[in-house]
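Here is what each chain is made of, one letter per residue.
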Amino acid sequence: MLSTQEALDAVLAAARPLDRSETVDTLAANGRVLAADVIATLDVPPMDTSAMDGYAVRVADLPGGETVLPVSQRIPAGHAPEPLAGGTAARIFTGAPVPQGADAVVMQEQCEARDDGSVVIRHTPAEGEFVNRQGADIRRGSVVLAAGTRLRAPALGLAASVGMAKLQVARRLRVAVFFTGDELTMPGETLRAGSIYNSNRFVLRSLLENLGCEMTDYGIVPDNLAATRAILRDAARANDLILTSGGVSVGEEDHVKPAVEAEGRLSLWQIALKPGKPLAYGEVNRAGGETAHFIGLPGNPVSSFVTFLLFVRPFILRLQGVTDVAPRRIAMRADFTQTKADRRNEFVRARINAQGGLDAFPNQSSAVLTSTVWGDGLIDNPPGHRIEAGQTVAFLPFSDLLY
């Protein structure tokens, strides 16, 4: 069996970024991946602006102590000022342009407005005090966002700040998904003897939606080779990736592995991973000598969930052009002891406690989906390693992996 890292390296090596992009409104680009650099066409801010409500002044006009200056103009944000006359102050508001000739802003708490139109200034500012300089945030011609950036709220705001009404993004990944197992039943239907509800369909669909994929959901496929091969052929025609859950082990009723081998090839199968050993990667043939990527996930709900986060998520991001797809790993203290070491790389469901350490869910079975809701993330525990209370472990937070 391959190690987790060897398997991930092999999967990512096969993830060649999509060669097509599209232009979308910046307002509609949340979650998309940039296909071209965003280059600033202006400075941000585009002029010197006030960081405070107060008075714009010339420092040379304030010798120290209290100074009384006539107020020569009022400058709200969004209005162009006149040059500041010597020996005067300008009433100014946060975000408003600093008038030519002014070199500092004194905040209003250090001033007293008089009825005769003058102001008492009780502070001698340093030059540039409370002035946001032109280009302090962004310089014209600089790369604001690099191609391969996954666009979230702050990045969209940054693009908007340099006037980008539209953005060039990677096209959405087309993913076909299906679930194998005659025992599977959809919620709302009556459970037959020996049947279970198909929770994986809801988990995987939600994760794919969070990654901005266009989905074709074939639902539950019967446990037979012919039906599985037929779905694979149909799914390969118009999709970039075929994702399955269940049927990739070696049982007599596990038909996904032989079906993929008949319709294409498997290049990776079985990983020294807990949970999630029977994960498979390969390709399914389509017309013209092309192929669709295939990833087969285990059927146990936690195994399916964990292997999606560790393998499918970075694979999809890499296809969309994201370069850095490694999850964030946080060094944290384990507040529990796990005496049994597994020969596989184990990912332990854990929760952050009130003391800032990690507690492990008591039942780490791959069938206990409750642990994924209870937990805040996964501890990456190396093969053959026992966890002792007080040890530092590598923690992968769900907050980084679910979106």
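Scroll up to find the structure.
Nothing here was measured: the structure is a model prediction, and the numbers come from that model. (Residues numbered from 1 in each chain as written. Predicted model: local features only at pLDDT ≥ 70, side-chain atom pairs only at ≥ 80, totals over all residues. Heavy atoms only, no water.)

Attention shifts here to unusual backbone geometry. Cis geometry is adopted by the peptide bond preceding P45, which originates at V44 and carries an omega value of -5°. The residue P45 is located in the loop between β2 (38-39) and β3 (49-50) in this model. Residue P275 is bonded to the preceding K274 through a cis peptide linkage, with omega at -5°. Within the secondary structure layout, P275 lies in the loop between β19 (273-274) and β20 (280-285). Located in the positive-phi region is F130, a residue other than glycine, with phi close to 55°. Within the secondary structure, F130 sits in the loop between β9 (118-121) and β10 (131-132). On the basis of relative accessibility, which here comes to 28%, the residue F130 falls in the partly exposed class. Non-glycine residue Q270 carries a positive phi angle of around 70°. Considering the arrangement of structural elements, one finds Q270 in the loop between β18 (264-269) and β19. (Helix = DSSP H or I, 4+ residues; strand = E, 2+ residues; numbered from the N terminus. Buried < 20%, exposed > 50% of the residue type's maximum accessible area, 1.4 Å probe, protein only.)

Moving on to the pattern of salt bridges. Scanning the model with the defined rule gives 20 salt bridges in all. Across the pair E66 and R122 runs a salt bridge, and its minimum N-O distance is 2.8 Å. Here the residue E66 occupies a position in the loop between β4 (54-57) and β5 (67-75), and R122 occupies one in the loop between β9 and β10, the gap between them amounting to 56 residues. According to the relative accessible area criterion, E66 is exposed, its value standing at 54%. Across the pair K257 and E261 runs a salt bridge whose closest N-O atoms are separated by 3.2 Å. Taken together, the residues K257 and E261, both in helix α5 (residues 256-263) and four residues apart, mark about one turn of the helix. Residue K257 is classed as buried on the basis of its relative accessible area, which comes to 18%. Given a relative accessible area of 41%, E261 falls into the partly exposed group. The network of salt bridges with common partners includes R201, R205, E209 and D217. (Salt bridge = Lys/Arg side-chain N within 4 Å of Asp/Glu carboxyl O.)

Next up on the list: the packing of helix α1 (residues 4-13) against helix α6 (residues 301-319). Where α1 contacts α6, the axes come no closer than 10 Å and their chain directions differ by 25°. Here α6 runs roughly parallel to α1, going by the angle between their axes. In this structure, the crossing between α1 and α6 has a hand that is right-handed. Contact residues: T4, A7, L8, V11 and L12 in α1; L310, F311, P314, F315 and R318 in α6. (Axes fitted to C-alpha atoms, helices over the stretch in contact; angles between N-to-C directions. Parallel < 35°, antiparallel > 145°, perpendicular 65-115°, else oblique. Left-handed = near helix turned anticlockwise from the far one by under 90°. Contact = heavy atoms within 4.5 Å.)

The next thing to look at is the nonpolar core. With 45 residues, the main nonpolar core has L243, I295, F308 and I316 as its most contacted residues. Elements that contribute at least two residues to this core include exactly α1, β13 (174-180), α3 (199-210), β17 (241-245), β21 (291-297), α6 and α8 (398-401). Per element, the largest residue contribution to this core is twelve residues, and it comes from α6. A domain split of this core shows at least three residues from each of domain 1 (4-20 + 172-320) and domain 4 (330-397). (Core = buried A, V, L, I, M, F, W, Y, C linked by side-chain atoms within 4.5 Å. Domains from an automatic or database assignment.)

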